[in-house]
Amino acid sequence: MIERLRAQWHLGMSCDSLIALRDDLDAMLQRIRSDRHIRPAVFRCRECGHVGEGAEPHVSVRAMILSLTRFGIAPSEQTRLLEKAWAAYRKQKGVDLYGGASMVNEVAGCGHPVSGKF
């Protein structure tokens, strides 16, 4: 995934291009998890006590942007500017962390969102 990011990212990418790259990386993550039979973490719902698998993890645009610095693909100054541009784009277009429709983390079977506190 890092090599794909390294090969496809370039300075001056539009937010739509960032979303497309995120989609590619997310599809790659899902293939890896499927091929290796990696299941989501198991959670207990604080509301009703139901125990089940959490939502599948996905690559967010911001996580992809931050990984540019983490893996030495872009300097931190560029990623800070890119983060600000992404935040402005999200606000203007009304998109979620993934650049599209909302994905809510919830315990499978109960419908309550996972709060992150266990």
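Notes on the structure in this doc start here. Quick caveat: nothing in here was measured; it's all calculated off a predicted structure. (Residues numbered from 1 in each chain as written. Predicted model: local features only at pLDDT ≥ 70, side-chain atom pairs only at ≥ 80, totals over all residues. Heavy atoms only, no water.)

1. Considering the overall build of the chain
So, point 1. For the chain, the helix and strand inventory stands at four helices and two strands.
So, point 2. Secondary structure elements of the chain occur, N-terminal to C-terminal, as α-α-β-β-α-α.
So, point 3. Scored against the burial criterion, the 118 residues of the chain give a buried share of 30%.
So, point 4. Restricting the contact set of the chain to residue pairs at least 6 apart, pairs at least 24 apart contribute 60%.
So, point 5. Summed over all atoms, the accessible surface of the chain reaches about 7600 Å², with 53% contributed by carbon and sulfur. (Helix = DSSP H or I, 4+ residues; strand = E, 2+ residues; numbered from the N terminus. Buried < 20%, exposed > 50% of the residue type's maximum accessible area, 1.4 Å probe, protein only. Contact = heavy atoms within 4.5 Å. Areas by Shrake-Rupley, 256 points an atom, 1.4 Å probe, with all protein chains shown as cover.)

2. Considering the packing of helix α2 (residues 15-35) against helix α4 (residues 76-93)
So, point 1. Closest axis-to-axis distance for the α2/α4 pair is 10 Å, and the angle between their directions is 95°. As judged from the angle between their axes, α2 and α4 are roughly perpendicular. Residues Cys-15, Asp-16, Leu-18 and Ile-19 of α2 touch α4, and the partners they reach there are Leu-82, Ala-85, Trp-86 and Tyr-89. (Axes fitted to C-alpha atoms, helices over the stretch in contact; angles between N-to-C directions. Parallel < 35°, antiparallel > 145°, perpendicular 65-115°, else oblique.)

3. Side note on unusual backbone geometry
So, point 1. The phi angle at His-37 is positive, at roughly 55°, despite the residue not being glycine.
So, point 2. Turning to its location among the elements, His-37 is positioned in the loop between α2 and β1 (42-44).
So, point 3. What makes His-37 exposed here is its relative accessible area of 68%.

4. Brief notes about the side chain of Thr-79
So, point 1. Relative to the assigned elements, Thr-79 resides in helix α4.
So, point 2. Separated by 2.8 Å, the side chains of Thr-79 and Thr-69 make a polar contact.
So, point 3. For Thr-79, the residues in contact, after removing those within four places along its chain, are Ile-65, Leu-68, Thr-69 and Ala-74. (Polar contact = N/O pair within 3.5 Å; in protein donor to acceptor, adjacent residues only side chain to side chain.)

5. A look at the pattern of salt bridges
So, point 1. Scanning the model with the defined rule gives six salt bridges in all.
So, point 2. With its nearest N and O atoms 2.6 Å apart, the salt bridge here joins Glu-53 to Arg-39. Highlighted residues: Glu-53 in strand β2 (residues 51-53) and Arg-39 in the loop between α2 and β1, separated in sequence by 14 residues.
So, point 3. On the basis of relative accessible area, Glu-53 is assigned to the partly exposed category, the value being 27%.
So, point 4. Taken together, the shared-partner salt bridges connect Arg-22, Asp-23 and Asp-26 into one network. (Salt bridge = Lys/Arg side-chain N within 4 Å of Asp/Glu carboxyl O.)

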